[in-house]
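Inside the fold
Take a look at the letters that make up each chain.
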Amino acid sequence: MKYNPIDRNLFIKNRRNFTAHMKPNSLAVFNSNDIYPIGADSTMPFQQARDLFYLSGVDQDKSILVLFPDAPSEEHREMLFLTETNEHIAVWEGEKLTKEKAFEVSGIKNVFWLKDFEKVFFEVMTQCDTVYLNTNEHYRANVETETREARFIKWCKKNFPAHQVAKSNPILQRLRSVKDPIELDLMQTACDITEKAFRRVLKFVKPGVWEYEIEAEYWHEMIRNRSKGFAYTPIIASGNNANVLHYIENNQQCKEGELVLLDTGAEYANYASDLSRTIPVSGKYTKRQKEVYNAVNRVKNDATKMLVPGTMWKEYHKEVGKLMTSELLGLGLLDKADVQNENPDWPAYKKYFMHGTSHNIGLDTHDYGLLYEPMKANMVFTVEPGIYIPDEGFGIRLEDDVVIQEKGEPFNLMRNIPIEADEIEDIMNS
């Protein structure tokens, strides 16, 4: 992996926190992701299942973690099952984790080879009453491909039909949404890499460059700073392309006088950052562009202050809607009649700001978090208002990643990344 070694105490603490929520005499199983095929012998780059990584630090395919805190035998209380390497694998694929290296990474002493899994698993299943199975219950999940985890769940239910079944996901949703200091450091690193890439782009953009050339500048700076690249498919949207919320073609030329919306965050050690900035292709905003830009920035700043312990996600978004309505009235995009006659289910401001303002971020760009529970300290949220005006040929979105504090305003992990319109102009023209 490109990233530096992570303190294994993070994964030790994560396992301890998870097992504290398990029922008596139960075990939990977590599988790695598959390496997904493209065609012929081609595959997609491997991405580890985030829950397995969160609990073990293992970043390798064909890996299984079993947690059985009440196991009669101490060696069965935490178990990793890994592919046993050999000379052929070492030559063709590179080094796999040894048992010793797996302990260094995870803090798990009992490491078995994958070929022994069914035998050992049968033994521990005869000793437990409940098995925790790990399903994806994220509110935005849309899974069409059968995962390795899903195949295991079918196999487990078929072969052990008398066991009670429990869900790991509600426990993980709570745990993963509140970040450990080690996680916050990793996320800060991801944001710092994003900063370097964005500053590089500010010096690169000018009339005539292509969106994909800007994307390449990001890639260069991210890779050279130990990132695998973007945490999500990047949006490089010039002109009216910015009014397509998930525009990812990135194949148009940037023209003089246009704005280019950049939604481009780096990953680091599987942790995501999520940045949005909107910059002038010519190095200077027009009067109207700056008016709208500053309106979005004011909404972002005021919305950020609302992210404090106890805030409810749904109510927060209603309050941000009020802020945005006020700004749109000031910009002449809405009038009082629009607001008085609005549909409560789709308020007037939604014509120009149709997406949410904040989501959890962490190991996933849209991370786990129980949105019907109050916000807590050390949760990390994006703040990303936008105003999209197809009739005027531009859209603006601004976004930072912030950590909720016990008291006071959130801590901005992107505090060093230029955002004020004047500062962006100064850098682009320096």
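Small disclaimer: the values here were computed from a predicted structure and weren't measured.

1. Examining the overall build of the protein
Helix and strand counts for the protein come out as 13 helices and 18 strands. Relative to its length of 430 residues, the protein is compact, with a C-alpha radius of gyration of 24 Å against a globular reference of 22 Å. For the protein, the spread of C-alpha atoms along the three principal axes comes to 70 × 50 × 40 Å. Scored against the burial criterion, the 430 residues of the protein give a buried share of 53%. Considering only contacts in the protein between residues 6 or more positions apart, those separated by 24 or more positions represent 72%. The positive charge centre, built from 52 side chains, and the negative charge centre, built from 65, are 2 Å apart in the protein.

2. Digging into the pairing of strand β13 (residues 276–280)
The element β13 is extensively covered by neighbouring structure, given that five of its five residues are classed as buried. Neither face of β13 is left uncovered, since the one carrying S276, T278 and P280 and the one carrying R277 and I279 both have all their residues buried.

3. Looking at helix α5 (residues 117–125)
For α5, the complete set of buried residues consists of F117, V120, F121, V124 and M125. Projected down its long axis, α5 shows its buried positions confined to an angular sector of 130°, all on one face. Of the exposed residues in α5, those oriented more than 90 degrees away from the buried face are E118, K119 and F122.

4. Considerations on the sheet that holds β13
What the three strands build is an open sheet, ordered β9-β10-β13; its pairing is antiparallel. In the strand order of this sheet, the two ends are held by β9 (235–238) and β13, each with one partner. Averaged over neighbouring strand pairs, the angle between their axes works out to 15° when direction is ignored. As judged from the four bridges shared by β9 and strand β10 (residues 259–263), these two strands associate in the antiparallel manner. By the bridge assignment for β10, S238 is matched with V260. With respect to the sheet, helix α8 (residues 181–204) is in contact with β10 and β13, its orientation differing from that of β13 by roughly 15°.

5. A short note on the pairing of strand β14 (residues 380–383)
Going residue by residue along β14, you find V380 and T382 tucked away on one face and F381 and V383 tucked away on the opposite face as well. Pairing analysis gives four bridges linking β14 to strand β17 (residues 400–403), with the strands arranged antiparallel. Opposite F381, over in β17, you have V402 as the bridge partner.

6. Side note on the sheet that holds β17
One open sheet holds the three strands; their spatial order is β14-β17-β18, and the pairing between them is antiparallel. In this open sheet, the two edge strands, each paired with only one partner strand, are β14 and β18 (411–412).

7. As for the packing of α8 against helix α9 (residues 211–223)
At a closest axis distance of 9 Å, the pairing of α8 and α9 adopts a crossing angle of 140°. Looking at the two axes, α8 sits oblique to α9. Every pair of crossing elements has a handedness; the one defined by α8 and α9 is right-handed. Of the residues in α9, those in contact with I193, K196, A197, F198, R200, V201 and F204 of α8 are E213, I214, E217, Y218, H220, E221 and M222.

8. Things to note about the environment of E211
Tracing the sequence through the fold places E211 in helix α9. When the C-alpha atoms of E211 and N251 are compared, they prove to be 5.6 Å apart, with 40 residues separating the residues in sequence. With sequence-adjacent residues up to four places away left out, E211 is seen in contact with I236, A237, S238, N241, Y247, N250, N251, Q252 and C254. Side-chain polar atoms of E211 contact the backbone nitrogen of N251, separated by 3.0 Å.

Conventions and cut-offs
Residues numbered from 1 in each chain as written. Predicted model: local features only at pLDDT ≥ 70, side-chain atom pairs only at ≥ 80, totals over all residues. Heavy atoms only, no water. Helix = DSSP H or I, 4+ residues; strand = E, 2+ residues; numbered from the N terminus. Rg over C-alpha atoms; globule rule 2.2 N^0.38 Å. Buried < 20%, exposed > 50% of the residue type's maximum accessible area, 1.4 Å probe, protein only. Contact = heavy atoms within 4.5 Å. Lys, Arg positive; Asp, Glu negative; His and termini not counted. Charge placed at Lys NZ, Arg CZ, Asp CG, Glu CD. Arc of directions from axis to C-beta. Pairing = 2+ DSSP bridges. Axes fitted to C-alpha atoms, helices over the stretch in contact; angles between N-to-C directions. Parallel < 35°, antiparallel > 145°, perpendicular 65-115°, else oblique. Left-handed = near helix turned anticlockwise from the far one by under 90°. Polar contact = N/O pair within 3.5 Å; in protein donor to acceptor, adjacent residues only side chain to side chain.

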